[in-house]
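Chain by chain, the residues run as shown.
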Amino acid sequence: MNIYESACEKAQEGLWNCFFDEKTGVMVNHMPVREEENWIYWWHAHALDALLDGYLRKTEGEYLERFRKEYAGTYRENGNTLLHNWYDDMEWMTLALLRAWDATKDEEYKKQALFVWEDIKTAWNDACGGGMAWKKDQLDYKNTPANAPAAIIAFRLYQRFGKKEDLEWGEKIFTWNRDQLMDPETCFVWDGMNREGDGKIDKEWKFTYCQGVMLGAALEYYRITGEKEQLELAKKIARRAVVELAGEDGIFNYEGKDDCGLFRGIYFRYLYELVTAADDCDDLKKIILKNADAVSKAMREDGLVGGDWRSVSAGEIDLAQHLSGVMVLEMAAKLVKED
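Residues numbered from 1 in each chain as written. Predicted model: local features only at pLDDT ≥ 70, side-chain atom pairs only at ≥ 80, totals over all residues. Heavy atoms only, no water.

## A look at the sheet that holds strand β5 (residues 138-143)
Here is step 1: Taken in spatial order, the three strands line up as β4-β5-β6 in an open sheet, and their pairing is antiparallel. Each edge of the open sheet is held by one strand with a lone partner, namely β4 (133-135) and β6 (192-193).
Here is step 2: Pairing geometry for β5 and β6, over two bridges, is antiparallel. Residue pairing across strands places N143 opposite G192, the latter belonging to β6. (Pairing = 2+ DSSP bridges. Helix = DSSP H or I, 4+ residues; strand = E, 2+ residues; numbered from the N terminus.)

## Details of the side chain of S324
Here is step 1: If you trace the backbone, S324 turns up in helix α12 (residues 319-338).
Here is step 2: When its relative accessible area of 0% is taken as the criterion, S324 is described as buried.
Here is step 3: Reaching out from S324, the side chain makes a polar contact with the backbone nitrogen of G265 at a distance of 2.9 Å. (Buried < 20%, exposed > 50% of the residue type's maximum accessible area, 1.4 Å probe, protein only. Polar contact = N/O pair within 3.5 Å; in protein donor to acceptor, adjacent residues only side chain to side chain.)

## Notes on empty space enclosed by the protein
Here is step 1: For the structure shown, the criterion picks out one cavity of 30 Å³ or more.
Here is step 2: For the largest cavity, the calculated volume is near 60 Å³.
Here is step 3: Lining the largest cavity are H46, D49, W92, L95, R99, R156, I266, R269 and Y270.
Here is step 4: Those elements that place two or more of their residues in the lining of the largest cavity are α2 (41-58), α4 (87-104) and α10 (263-275).
Here is step 5: Here the residues of the lining of the largest cavity are counted per class, giving four nonpolar, one polar and four charged. (1 Å grid on protein atoms, 1.4 Å probe; cavity = no way out; pocket = protein on both sides within 12 Å on 5 of 7 lines; lining within 4 Å. Points joined across faces, edges and corners; volume = space filled by probe spheres on them. Nonpolar A, V, L, I, M, F, W, Y, C, P; charged D, E, K, R; others polar.)

## Re the pairing of β5
Here is step 1: Here two bridges tie β4 to β5, and the two strands are oriented antiparallel to one another. Along β5, the bridge assignment pairs A133 with K142.
Here is step 2: Counting the residues in the hairpin turn of β4 and β5 gives two residues.

Shown next, in the form of structure tokens:
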């Protein structure tokens with residue numbers, strides 16, 4: 001067991017022991033638990049992803065049983081459905097479900113992924129020249145978190161099931177996101193446009209997960225087409241993220257409370273996919289390991305990781321923050337094991 005696997009185990013135990021509520025059958029969103037907790041659906045999609053990481057690393061039934069419990073609890077807590085007002089929330093869930101189907105071949109996960117995907121496709125409309133809407137009650141606001149993950153879904157569906165329509169969806173969504181929400185010179189990916197109905201792009205919103213999902217979409221397109229330009233684009237996006245969003249020490253900065261706590265974990269999930277697909281990414285491999293080292297040192301005795309990866313958190317830790325820590329550790333553990 002390498003040092004990252006040991007850290008993974010501690011962080012995964014912290015995830016389960018501190019956040020999973022046996023009474024309600026689903027994870028809580030904060031530790032310690034707040035008196036009033038909002039239901040944040042998309043965090044639970046990433047909790048499922050993190051549990052799958054543990055299962056794939058150890059192939060032990062315990063992680064799979066945890067996944068099934070959290071899946072059932074999430075489904076129930078969301079009103080006995082996986083549909084939602086936020087399109088991006090459903091996309092994160094669909095990505096987790098496809099990974100679950102890959103790992104287990106349980107038809108339930110495939111069925112739900114395809115069912116939710118049909119609803120996701122209703123996000124596309126002509127506002128802003130196309131693109132997927134962020135949510136159903138704001139159809140003219142388009143952003144990367146609602147588009148790049150949808151492109152990844154479409155490309156992955158095509159690779160698994162060969163449906164040409166999915167490839168066409170992926171190409172359409174990916175092209176719109178690239179052309180509308182990416183700096184053509186630096187390849188830095190902007191968050192969204194027309195949030196306030198003025199057509200403006202939120203260029204000041206600089207988030208790691210936008211870089212992660214866009215490089216992930218380019219990588220999936222490369223896997224289908226073999227076009228080197230798509231792989232090169234993924235590398236450019238990944239490296240620009242380091243320049244724009246990491247400190248001088250190479251550690252990625254905390255992006256903010258609540259949802260923002262999850263963003264770095266998503267970037268590292270897709271960065272791992274890139275560095276294992278390309279030969280000339282030693283610099284990016286070092287970034288993964290450097291951040292995993294920081295997370296290991298910032299982990300508390302109870303296995304929890306806060307938002308600041310340069311220090312141990314003494315206060316409240318939310319599920320989003322901790323999941324980012326789990327994910328970067330899991331990516332590092334896989335990277336070292338494969339090397």
